[in-house]
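Report on the structure
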Amino acid sequence: MPSGKLLRQLIRSGTHGDTASFRAATEAVIQEERDKNHHLLANDLERLLYGDWVKPLVGASGLAAQLPASQDGGLPLLEERPVVREEKDLILAPETQAVVDRILLEHNRSDVLRSYGLQPAQKLLFCGPPGCGKTVTAEVLANELSLPLVLIRLDSVISSFLGETAVNLRKVFDFIADTPTVAVFDEFDALAKDRGDSADHGELKRAVNAVLQMMDGYRGHSILVATTNYETLLDQAIWRRFDETVRFELPDADQTQRLLELKLSGVRRNFDIDDKAIVEMFVGLSHADIESVLRRAVKDMVLGGRKYLETSHVKAALAREYRQAR
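Here's what I pulled together on the structure shown here. (Residues numbered from 1 in each chain as written. Predicted model: local features only at pLDDT ≥ 70, side-chain atom pairs only at ≥ 80, totals over all residues. Heavy atoms only, no water.)

Quick look at the packing of aromatic side chains now. Applying the stated criterion across every chain, the model contains 5 aromatic pairs. Taking the centre distance of 5.1 Å and the plane angle of 55° together, the rings of phenylalanine 126 and phenylalanine 248 count as tilted. Taken as a pair, phenylalanine 126 in strand S2 (residues 123-127) and phenylalanine 248 in the loop between strand S6 (244-247) and helix H10 (253-263) lie far apart in primary sequence, 122 residues in all. Since its relative accessible area comes to 1%, phenylalanine 248 is described here as buried. Consider the rings of phenylalanine 173 and phenylalanine 185, whose centres lie 5.8 Å apart with planes at 40°: the pair is tilted. You can see phenylalanine 173 sitting in helix H8 (residues 164-178) and its partner phenylalanine 185 sitting in strand S4 (residues 182-185), a full 12 residues away along the chain. Each member of the pair, phenylalanine 173 as well as phenylalanine 185, carries the same accessibility label: buried. Members of the aromatic cluster, connected to one another through ring pairs, are Phe173, Phe185, Phe188, Tyr218 and Phe242. Here the guanidinium or amino end of arginine 268 rests over the ring plane of tyrosine 308, the centre of that ring lying 5.2 Å away. (Phe/Tyr/Trp six-rings, centres within 6.5 Å; stacked < 30°, edge-to-face > 60°. Helix = DSSP H or I, 4+ residues; strand = E, 2+ residues; numbered from the N terminus. Buried < 20%, exposed > 50% of the residue type's maximum accessible area, 1.4 Å probe, protein only. Lys NZ or Arg CZ within 6 Å of the ring centre and 35° of its normal.)

Tallied over the full model, the rule gives 14 salt bridges. Across the salt bridge formed by arginine 153 and aspartate 155, the nearest N and O atoms sit 3.2 Å from each other. Looking at arginine 153, the relative accessible area reads 24%, which means it is partly exposed. Among the charged side chains, a salt-bridge network with shared partners connects Arg85, Lys263, Glu291 and Arg295. (Salt bridge = Lys/Arg side-chain N within 4 Å of Asp/Glu carboxyl O.)

Let us now look at a negative patch on the surface. A grouping of Glu261, Asp272, Asp274, Asp275 and Glu280 is seen on the molecular surface, where their side chains present a negatively charged patch. Assignment of secondary structure puts aspartate 274 in the loop between H10 and helix H11 (276-280). For aspartate 274, a relative accessible area of 54% translates into the label exposed. (Patch = residues over 30% accessible without salt bridge, like charges linked within 9 Å, V, L, I, M, F, W, Y side chains within 5 Å. Areas by Shrake-Rupley, 256 points an atom, 1.4 Å probe, with all protein chains shown as cover. Lys, Arg positive; Asp, Glu negative; His and termini not counted. Charge placed at Lys NZ, Arg CZ, Asp CG, Glu CD.)

Attention now goes to the nonpolar core. One finds Leu78, Ile176, Phe185, Phe188 and Ile238 to be the most contacted residues of the largest nonpolar core, which totals 32 residues. Elements that contribute at least two residues to this core include exactly S2, strand S3 (149-152), helix H7 (154-157), H8, S4, helix H9 (202-217) and strand S5 (223-228). In terms of residue count, H9 provides more of this core than any other element does, 6 residues in total. In this structure, Leu90, Ala142, Ile223 and Val225 belong to the second largest nonpolar core, which totals 24 residues. (Core = buried A, V, L, I, M, F, W, Y, C linked by side-chain atoms within 4.5 Å.)

Here the focus is unusual backbone geometry. The backbone phi angle of serine 146 is positive, close to 55°, even though this residue is not glycine. Considering the arrangement of structural elements, one finds serine 146 in the loop between helix H6 (134-144) and S3. One non-glycine residue, glutamate 187, adopts positive backbone phi at about 50°. Structurally, glutamate 187 is set in the loop between S4 and H9.

Next comes the structure, spelled out in structure tokens:
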């Protein structure tokens with residue numbers, strides 16, 4: 001329950017139509033719930049306030065007016081994303097977490113590295129199944145390093161017109177070279193697909209060549225994070241362009257239990273999370289799938305007027321998840 005002060009501020013600003021104060025009070029409520037580890041509630045409140053990724057955070061970096069536009073149609077080539085996930089929200093395999101920790105250490109001690117003529121890792125490739133934390137990890141990097149998070153919009157970058165994809169890519173690389181960000185090339189295989197694939201037209205092959213050249217020449221201030229669910233589709237020449245390759249996997253039983261503890265913190269329930277039978281119900285699901293199931297289960301509990309989350313809520317939510325996955 002938000003504090004009385006925040007509730008009064010919410011009601012006062014809402015009744016007076018003070019949008020700025022209302023948003024500030026709502027953000028404070030979200031942060032208060034996140035501090036209590038009520039992550040499901042905080043995430044849902046964020047979606048209500050900001051929409052699904054499309055509206056910038058209040059107090060964000062103000063990049064919107066600076067973002068470059070495509071050669072054809074003037075569409076934005078990048079999109080700024082809210083940064084809300086923290087390192088405590090990451091549940092990764094120990095070896096993956098170790099690589100992420102080392103990357104953060106390198107950037108936090110970059111002055112020491114540079115005094116020896118060394119550079120922190122700036123070009124990162126995140127590989128693994130969908131929903132296993134690749135984009136969330138990029139968000140955590142941005143949060144921990146106090147950098148804006150931008151997503152490269154492939155629908156705007158890739159053009160069917162001769163040479164325009166390369167022009168758009170040059171605009172993207174010029175922008176992130178001059179403006180420190182964590183820049184995410186999601187579904188990177190769409191830009192760096194194996195040039196030996198005869199099914200692709202010439203413009204995409206030229207795009208791969210352009211990406212290779214620009215990554216070779218990149219000397220900017222941003223961290224480049226390329227993510228792919230299909231690493232076997234990547235052109236063989238692209239791998240050596242990255243400073244680090246980080247592999248993400250489906251959570252094992254220990255990670256699943258930790259994820260359940262994190263996402264259900266503050267939710268009253270009639271079962272123990274350390275119950276092996278509960279954990280086994282989620283085996284084979286990704287991080288994102290688990291969060292989706294738990295959100296459905298909690299919504300069923302609330303809409304059903306129940307005070308405690310039951311295993312029946314979880315089983316029903318799991319059944320819906322499996323039906324949708326077919």
